Amino acid sequence: MMSGFSGLYVATLTPFDSSNRIDVAALRNHARFLIDAGVNGLSPCGTTGEFLYLSIGEKVRVIEETVAAAEGRIPVMAGIWALNSKETALLARAAENGGASAVFLPPPIYYPATDDAIFAWYAQVREAANLPVFAYNIPAYAANAISLECIERLVGEGIISGIKDSTGKAERMTGLVHQFRERITVMAASDAFAAEARKIGAHGFISALANIWPKSLLQIWQGDDSVQSAVSTVRDAVKRAGGIPALRRCLAGRGFSFGASRLPFSALSGEQISTIDAAVGQAVSSGLE
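All residue numbers here refer to positions counted from 1 along the written sequence of the relevant chain. Totals for whole chains, interfaces and linings use every residue, but because this is a predicted model, local features are given only for residues with pLDDT of at least 70 and side-chain atom pairs only at 80 or more, for both listing and counting. Side-chain numbers come from the whole structure's heavy atoms, not from hydrogens or water.

Helix and strand counts for the chain come out as 12 helices and 8 strands. The C-alpha radius of gyration computed for the chain amounts to 18 Å, which stays within 12% of the reference 19 Å derived for 289 residues, consistent with globular compactness. Principal-axis analysis of the C-alpha atoms gives the chain an extent of 50 × 40 × 35 Å. For the chain, the proportion of its 289 residues judged to be buried stands at 56%. Only heavy atoms enter the contact rule, under which two residues are in contact if any of them lie within 4.5 Å. Considering only intrachain contacts with a sequence separation of at least 6, the fraction spanning at least 24 residues in the chain is 72%. All accessible-area figures derive from a Shrake-Rupley calculation using a 1.4 Å probe, and residue coverage is judged against the displayed protein chains alone. Summed over all atoms, the accessible surface of the chain reaches about 11800 Å², with 49% contributed by carbon and sulfur. Helix numbers and strand numbers start at the N terminus; a helix is a DSSP run of H or I with at least 4 residues, a strand a run of E with at least 2. Atoms counted for the radius of gyration: C-alpha only. Globule rule: 2.2 Å times residue count to the power 0.38. Summary of the burial criterion: residues with accessible area below 20% of their type's maximum are buried, those above 50% are exposed, and those between are partly exposed, where the area comes from a 1.4 Å probe applied to protein chains only.

Put into structure tokens, the structure is as follows:
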């Protein structure tokens with residue numbers, strides 16, 4: 001069941017042009033920047049990519065264009081979440097046809113879901129496409145956690161090849177590593193948790209801030225924790241200053257114009273811009289690159 005995925009993956013932002021459409025040229029340019037920096041994989045159409053506000057067709061386009069930009073140099077683990085299982089299965093097939101190396105998706109969101117429902121959610125994806133499937137545990141947003149018992153069943157039935165856990169909690173990651181590390185790929189997330197996840201024994205890490213500072217996140221994942229404090233400082237500022245729109249502000253500082261986030265995200269206020277710019281300035285002076 002081991003999928004072979006490891007190292008630093010980037011949860012890529014989705015670029016929009018002035019008409020709020022997918023900016024393909026910006027997507028490809030940014031993907032090449034990340035690959036040249038040495039990242040191990042790309043993960044489009046996830047939380048950082050504003051998957052909730054992309055149409056099915058836009059998700060397919062983003063996945064296909066990311067694969068094209070990668071040119072086979074690194075894997076693309078594509079987000080395939082949709083509102084219903086039929087559309088999720090459609091995206092799984094599209095990801096396979098588009099050349100993705102794997103797919104990942106959160107559990108059903110908003111309404112409470114039982115372990116049986118979550119199991120069925122992933123099982124239908126496994127039936128839809130012949131790609132490794134990663135479950136994506138992010139209970140803070142999905143409102144449904146994927147229990148260790150459910151993961152055990154998914155692994156035992158050969159449904160999933162990996163788990164991405166975004167809780168940023170050492171106890172949870174330790175449990176995942178101890179119970180599953182020899183059978184599936186365990187990927188961590190939450191940028192302030194990168195160094196600790198590596199020490200606990202995760203196979204890899206999926207980062208949002210690596211959109212902007214891929215070399216620094218690689219540095220952490222390869223064992224040098226000297227910039228973890230700077231990364232954590234920026235992450236906290238991003239959370240305070242609007243989340244994904246703040247990430248776009250940071251990326252613009254590296255010369256990548258990704259446009260504005262879609263509603264219901266709002267434009268950053270002057271105070272939020274000052275907050276994020278000050279944190280970035282401090283982090284860069286501390287060695288973030």
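Relative to the elements of secondary structure, Ala 69 occurs in helix α2 (residues 56-70). Once the C-alpha coordinates of Ala 69 and Pro 112 are considered, the two residues, 43 residues apart in sequence, prove to be 38 Å apart. Apart from residues no more than four positions distant in its own chain, Ala 69 is found in contact with Arg 28, Ala 31, Arg 32 and Ile 35.

In this analysis an axis means a line fitted to C-alpha atoms, helices contributing only their contacting stretch, and an angle means the value between N-to-C directions, from 0 to 180 degrees. Where helix α4 (residues 115-128) contacts helix α6 (residues 148-156), the axes come no closer than 10 Å and their chain directions differ by 35°. Judged by the twist between their axes, the crossing of α4 over α6 is right-handed. Here Asp 115, Asp 116, Ile 118, Phe 119 and Tyr 122 of α4 lie close against α6, whose contacting residues are Glu 149, Cys 150, Arg 153 and Leu 154. For this classification, Asp, Glu, Lys and Arg are treated as charged, while Ala, Val, Leu, Ile, Met, Phe, Trp, Tyr, Cys and Pro are nonpolar and the rest, including Gly, are polar. For the contact of α4 with α6, the per-class residue count stands at 5 nonpolar, no polar and 4 charged. Crossing handedness is defined as follows: a turn of the near helix away from the far one that is anticlockwise and smaller than a right angle gives a left-handed crossing, while the clockwise case is right-handed.

As a further point, take the pattern of salt bridges. Salt bridge, as used here, is a side-chain nitrogen of Lys or Arg placed within 4 Å of a carboxyl oxygen of Asp or Glu. Enumeration over the complete set of coordinates arrives at 13 salt bridges. Residue Glu 65 pairs with Arg 28 through a salt bridge whose shortest N-O separation is 2.6 Å. Remark: Arg 28 occurs in helix α1 (residues 24-37) and Glu 65 occurs in helix α2; sequence separation between them is 37 residues. The buried category is assigned to Glu 65, whose relative accessible area is 10%.

This paragraph deals with the nonpolar core. If you look at the biggest cluster of nonpolar residues, it comprises 96 residues, and the most contacted ones within it are Tyr 122, Ile 151, Ile 160 and Leu 209. Here this core takes 7 residues from α4, the largest share from any one element. Buried residues of nine kinds, namely Ala, Val, Leu, Ile, Met, Phe, Trp, Tyr and Cys, make up a nonpolar core once their side-chain atoms join them within 4.5 Å. Tyr 9, Ile 138, Ala 142 and Ile 206 belong to the second-largest nonpolar core, a separate cluster that totals 12 residues.

Moving on to the packing of aromatic side chains. Think of it this way: a Phe, Tyr or Trp ring, Trp meaning its six-membered ring, pairs with another when their centres are within 6.5 Å, and the plane angle makes it stacked under 30 degrees, edge-to-face over 60, tilted otherwise. Inspection of every chain in the model, using the stated rule, returns 8 aromatic pairs. A centroid spacing of 6.4 Å and a plane angle of 65° characterise the contact between Phe 5 and Tyr 9, whose relative ring orientation is edge-to-face. According to the relative accessible area criterion, Phe 5 is buried, its value standing at 8%. Residue class for Tyr 9 comes out buried when judged on its relative accessible area of 1%. Every member of this aromatic cluster is reached through a ring pair, and the members are Phe 5, Tyr 9 and Phe 134. The rule is short: NZ of Lys or CZ of Arg within 6 Å of the ring centre and within 35 degrees of the ring normal puts a charge over the ring. Between Arg 153 and the ring centre of Phe 119, over which it is positioned, the NZ or CZ distance is 3.8 Å. Sitting over the ring of Tyr 136, Lys 164 keeps its end group 3.9 Å from the ring centre.

Attention shifts here to α4. Given a helix with a known number of residues, its expected span is that number minus one, times 1.5 Å. Over its 14 residues, α4 extends 20 Å from the first C-alpha to the last, a length consistent with the 20 Å expected when each residue adds 1.5 Å. Buried within α4 are the following residues: Ile 118, Phe 119, Trp 121, Tyr 122, Ala 123, Gln 124, Val 125 and Ala 128. On its buried side, α4 packs onto α3 (85-97), β4 (102-105), β5 (133-137) and α6.

Among the structural elements, Thr 48 can be located in the loop between β2 (41-43) and α2. What Thr 48 contacts, discounting residues up to four positions off in sequence, is Ala 11, Thr 12, Leu 13, Ala 208, Asn 211, Ile 244 and Leu 247.

Attention now goes to unusual backbone geometry. The phi angle of most residues is negative, glycine excepted, and most peptide bonds adopt the trans form. For the bond running from Leu 263 to Pro 264, omega is 15°, close enough to zero to count as cis. Here Pro 264 is to be found in the loop between α11 (244-252) and α12 (270-285). Within the chain, Cys 45 stands out as a residue other than glycine whose phi angle is a positive 65°. On the secondary structure map, Cys 45 appears in the loop between β2 and α2.

Before going further, it helps to spend a moment on the packing of α1 against α2. Contact pair α1 / α2: the axes reach a minimum separation of 9 Å and the direction vectors enclose 45°. Considering the angle they form, α1 stands oblique to α2. In this structure, α1 crosses over α2, and the sense of that crossing is right-handed. Contact with α1, carried on its side by Val 24, Leu 27, Arg 28, Ala 31, Arg 32 and Ile 35, involves Arg 61, Val 62, Glu 65, Thr 66, Ala 69 and Ala 70 of α2 and no other residues of that element. The residue makeup of the contact of α1 with α2, split by class, is 7 nonpolar, 1 polar and 4 charged. Orientation labels follow simple angle bins: below 35 degrees gives roughly parallel, above 145 gives roughly antiparallel, 65 to 115 gives roughly perpendicular, and whatever is left gives oblique.

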